[in-house]
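Read off the chains here:
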Amino acid sequence: MRFIHSFSTRPLSIDLYGYGALRRMAGNIWYFALSLAYLRRLGVETVLHTDTLGASLLGHLPYDAINLTLNEVPNDIHPRFWAAGKIWALQAEPVGSIHIDGDVFIKSENALRYIDSKHWDFLAQHYESSEWYEKENIVFDIDLPFI
C-alpha cells in the first residue's frame, strides 16, 4: 500500500479565509508531520509530491521519497484551485496509490485494513458543501478547460 501527500505552496501567495500565509504554512507543517508520523508508525510507504518551496518546508520529514512534481503545474492555473496539485501528484503515481490530504490521520491498523480490504475505485473522507467554496467556484469557471 502506497500513500501520497501533495503540498502546493502556491495557495500561500493569496489570502484564504482571513488566514495569512505564515499561519497557514505553520499549520500545514504540523498537519503533514502528524499525518506522516501516524503512517510511519503503521509502516506504510508514503511519498510527497510538492514544489521547491514545499520541499524546503517539509523536506526534513521522513518521507520515502519527495518529488518536485508540482513545479510542473502551469502558472496560469489559479492558486485558489489547490486540487490542481492533487491532480498532478496522482498523475505521476502508479495506479493504486492512495492520496490523502495532510490533515488526514490514519491512526490504526483497523483503518488501514479497511482501506486495503476492498478494491476501491474511489474513496472519499467526507462531502464538502460547495457553499464553502464561493470564491473557488469563480476559479473553476475560469479553469474549466483544464478541469
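Just above, that's the structure.
Residues numbered from 1 in each chain as written. Predicted model: local features only at pLDDT ≥ 70, side-chain atom pairs only at ≥ 80, totals over all residues. Heavy atoms only, no water.

Student: Give me the sheet that holds strand β1 (residues 2–7): which residues, what numbers.
Tutor: Spatially, the four strands line up as an open sheet ordered β3-β2-β1-β4, and their pairing is parallel. Across the chains shown, the open sheet's two edge strands, defined by having one partner strand only, are β3 (65–67) and β4 (98–99). Running at roughly 175 degrees to β1, helix α1 (residues 21–41) makes contact with β1 and β2 (45–50) of the sheet. (Pairing = 2+ DSSP bridges. Helix = DSSP H or I, 4+ residues; strand = E, 2+ residues; numbered from the N terminus. Contact = heavy atoms within 4.5 Å. Axes fitted to C-alpha atoms, helices over the stretch in contact; angles between N-to-C directions.)

Student: Now, about the environment of Gly 59: what can you tell me, with residues and values included?
Tutor: Note that Gly 59 resides in the loop between α2 (52–58) and β3. Spatially, the C-alpha atoms of Gly 59 and Leu 48 are 9.0 Å apart, while their sequence positions differ by 11 residues. If we ignore the near neighbours within four places in the chain, the residues touching Gly 59 are Gly 54 and Ile 66.

Student: Please set out the pattern of salt bridges residue by residue, giving values where relevant.
Tutor: Under the definition given, this model contains four salt bridges. The residue Arg 2 makes a salt bridge to Glu 93 at a minimum N-O spacing of 2.5 Å. Taken as a pair, Arg 2 in strand β1 and Glu 93 in the loop between α3 (83–92) and β4 lie far apart in primary sequence, 91 residues in all. When its relative accessible area of 9% is taken as the criterion, Glu 93 is described as buried. One network of salt bridges, with partners in common, ties together Arg 2, Glu 45 and Glu 93. (Salt bridge = Lys/Arg side-chain N within 4 Å of Asp/Glu carboxyl O. Buried < 20%, exposed > 50% of the residue type's maximum accessible area, 1.4 Å probe, protein only.)

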